[in-house]
Amino acid sequence: MNLCECWALLVFAVAASMSVAAQAPPISATLSVDLSRYYFKTPADELAARAELNAALAEMSRFKGQLNSTYQLLGALQQYDSVQKLFAKHEGYLHLRCSQDRKDAACDADKDLESDVDAKTAFLATEILAIPEDRLQAFLNEEPALANYRFALSDIRRDRPHLLPETEQSLLDQFQPQIGDWQYNLYEQVLASILFGTVQTASGALDVVRQRNLIAADPDERVREDGFKRRYAGFAGQRDLLAFALTHTVQAQTLLAKAHHYADAPARKYDSLYCKPEETRSLLAAMAQHGDVAKRYEKLRSQEIERGYHQPAHEWDMSAPLPGFTPPITSLPEARSIYHEAFAGLGKEYQAEFDALLDPANGRADILPGGAANRYGGGFSIGFTGGTSILFFGRYDGTFKDLSVIAHEGGHAVHHQLMSASGVSPSYAQGPHFLFESFAIFNELLLADFMAEHATTPELKRYYRERWMSIKGLDAFYGAQDALLEQAIYDGVAAGTVRNADDLDSLTLKIDGQFSHFPASTPELRTRWATVSLMYEDPLYDVNYVYGGLLALKYYNLYTTRREWFVPRYFALLKNGFNQPPAELLHQFLGIDFSGTALLNDDLVLLGRRLEQLEETPLDNDRPAN
């Protein structure tokens, strides 16, 4: 028996086991990250190693005021690459330590170090802007090595109207923690003080916040309702302080945007993504106009719940299992075999990279079943040029949502690793975040599809088809819901119509009603604004899920209709880095028209077909004929 046959048998066994009911995650092997192998052996070693970073910053400072020749410009850009590599290693290490223990001193050190590095390198963009266009072109003609930085230089010069004098920018960078970071710190402290409590289930108590995925999928309607209401009651109990933190986030981001000569903070964010602000606003408005797509799926699930439980469906029932069916729980060893097969269609190299990421012997994943106190509960990945990418997931309970998060964050990690192996320079290892998100969301669509194809019962097949739709198929619309809400909050604070928690409640009900039937009948949902942590942690980031979700659906369509053409081109895009504007990269590698309208129209057709499949094939008719 060859290796492929072994894998196939293992996956078949795993899929077959998924019809077994389970209410709590099984005891699973923990995946631990080896910080000493990839970063620093001890915190003291990390502190000592900052001498090298400081030396690199000092070396870079020698170019300040000296970018008057080809040699000096090239030297400054190369030295900045060196600084970015060194900083990324320290930043990644501190971020991981902070996520393992939110009370670790690394949490403050991470932000302070970033602020310091930004302040000491702020002169580079300002001085590049000061080079006359004809002189810069002469530099590029004189030195072939400068061609590698052509797009990086043009990217800086694109921001000419918005870049500040070096002294002003350096001062803003230095005080960034006091200007724009304290609000999220406050948000986290407020949440840590809330006693959300637990919910009693047939298999024991579940934590309202950390185990909400298990609560939402519990077959007992009382458990789902209690968990939902306890969570929202916790946020509502601190709504005034949370509103204070959010409105001050908005005010700080607005002042920073205007200091950089933008009309407002949303315009600054949208422009940074190479998107025209007015076009992004139009796209978000169009998504709201098509909010019935999300409502259509919501109606389908509501009807299933009402038929199954013989009672009205509520918001807290949307992830409920149908009577007699318990959502599967997957152990980490089982999950690894599933990913191996699910991503086989992306090619052996991609498959091998994902395998390596989750191989316990490599120490590249930090995944803890059950989580821990003071541990960050979400997921993320870290990777940098010349380094090894790492995956972190704070609490693994074995639900499909957990599997999907690992597919997403693991996709980011593999992407970073592919760029690093391809020698992508630090200047091009970062780009518009919606492209990163599109690659990761695509992984989640592939995973759900794979699970549906290999399901062993009609109930399981439909379960995964619905997960395809609810978790990522509609991600662009749920992202638009959050992005529209956040944009409206910024507009309202600027206009003086959003000042407190009551105003935020009213605005939330208005926006959310465009995408869901439940806000009008579920009083708790008025406080949903307080649960959107990204509005505090990374202001205006949610728009990335709009563009990323639309692109992921486009990739999925190409993958399922033209796989042999798509896969090698997609893989080449992953390895390429971001050395062109996103629209040009998408057109060059995949022939995609990156206009919001074109993407939305194509994706509406795909989503319509998938919804029709669910609507026209109810569970009773999904059984194979005899």
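Above this text you will find the structure in question.
Just so it is clear, the model here is predicted, and its values are computed rather than measured. (Residues numbered from 1 in each chain as written. Predicted model: local features only at pLDDT ≥ 70, side-chain atom pairs only at ≥ 80, totals over all residues. Heavy atoms only, no water.)

Peer 1: Can you explain the state of the cysteines? Please cite residues and give values.
Peer 2: By the definition in use, this model includes one disulfide. In this model, C98 is linked to C107 through a disulfide, with the two sulfur atoms separated by 2.0 Å. Of note, the bridge from C98 to C107 carries an S-S torsion of about 100° and is right-handed in sense. Side by side, C98 and C107 carry an identical accessibility label, which is buried. (Disulfide = S-S within 2.5 Å. Buried < 20%, exposed > 50% of the residue type's maximum accessible area, 1.4 Å probe, protein only.)

Peer 1: I'd love a proper account of the pattern of salt bridges, names of residues and values included.
Peer 2: Summed over all chains, the structure comprises 33 salt bridges. Across the salt bridge formed by R158 and D159, the nearest N and O atoms sit 4.0 Å from each other. On the basis of relative accessible area, D159 is assigned to the partly exposed category, the value being 22%. One salt bridge in this structure joins R281 and D491, with 3.0 Å as the shortest N-O distance. Here the residue R281 occupies a position in helix α15 (residues 277–289), and D491 occupies one in helix α22 (residues 475–495), the gap between them amounting to 210 residues. You can call R281 partly exposed: its relative accessible area is 26%. With a relative accessible area of 33%, D491 lands in the partly exposed category. Ionic contacts of the salt-bridge type, sharing partners, join the residues D155, R158, D159 and D271 into one network. (Salt bridge = Lys/Arg side-chain N within 4 Å of Asp/Glu carboxyl O. Helix = DSSP H or I, 4+ residues; strand = E, 2+ residues; numbered from the N terminus.)

Peer 1: Give me the lowdown on the packing of α15 against helix α25 (residues 543–561), citing residues and values where you can.
Peer 2: The relative placement of two packed helices comes down to the angle between their axes together with the axis-to-axis distance. Close contact between α15 and α25 brings their axes to 12 Å; oriented N to C, the two are set at 70°. Considered as vectors, α15 and α25 are oriented roughly perpendicular to each other. Residues T280, L283, L284 and M287 of α15 form the contact with α25, whose own contacting residues are V543, V546, Y547 and L550. (Axes fitted to C-alpha atoms, helices over the stretch in contact; angles between N-to-C directions. Parallel < 35°, antiparallel > 145°, perpendicular 65-115°, else oblique. Contact = heavy atoms within 4.5 Å.)

Peer 1: Quick one: what's the story with the packing of helix α17 (residues 332–342) against helix α18 (residues 348–358), residue by residue and with numbers?
Peer 2: It is the contact of α17 with α18, at a shortest axis distance of 9 Å, that shows an interaxial angle of 165°. Considering their axes alone, α17 and α18 lie roughly antiparallel with respect to each other. For the pair α17 and α18, the crossing hand works out as right-handed. Only Q351, F354, D355 and L358 of α18 make contact with α17, whose side of the interface consists of R336, Y339 and H340. (Left-handed = near helix turned anticlockwise from the far one by under 90°.)

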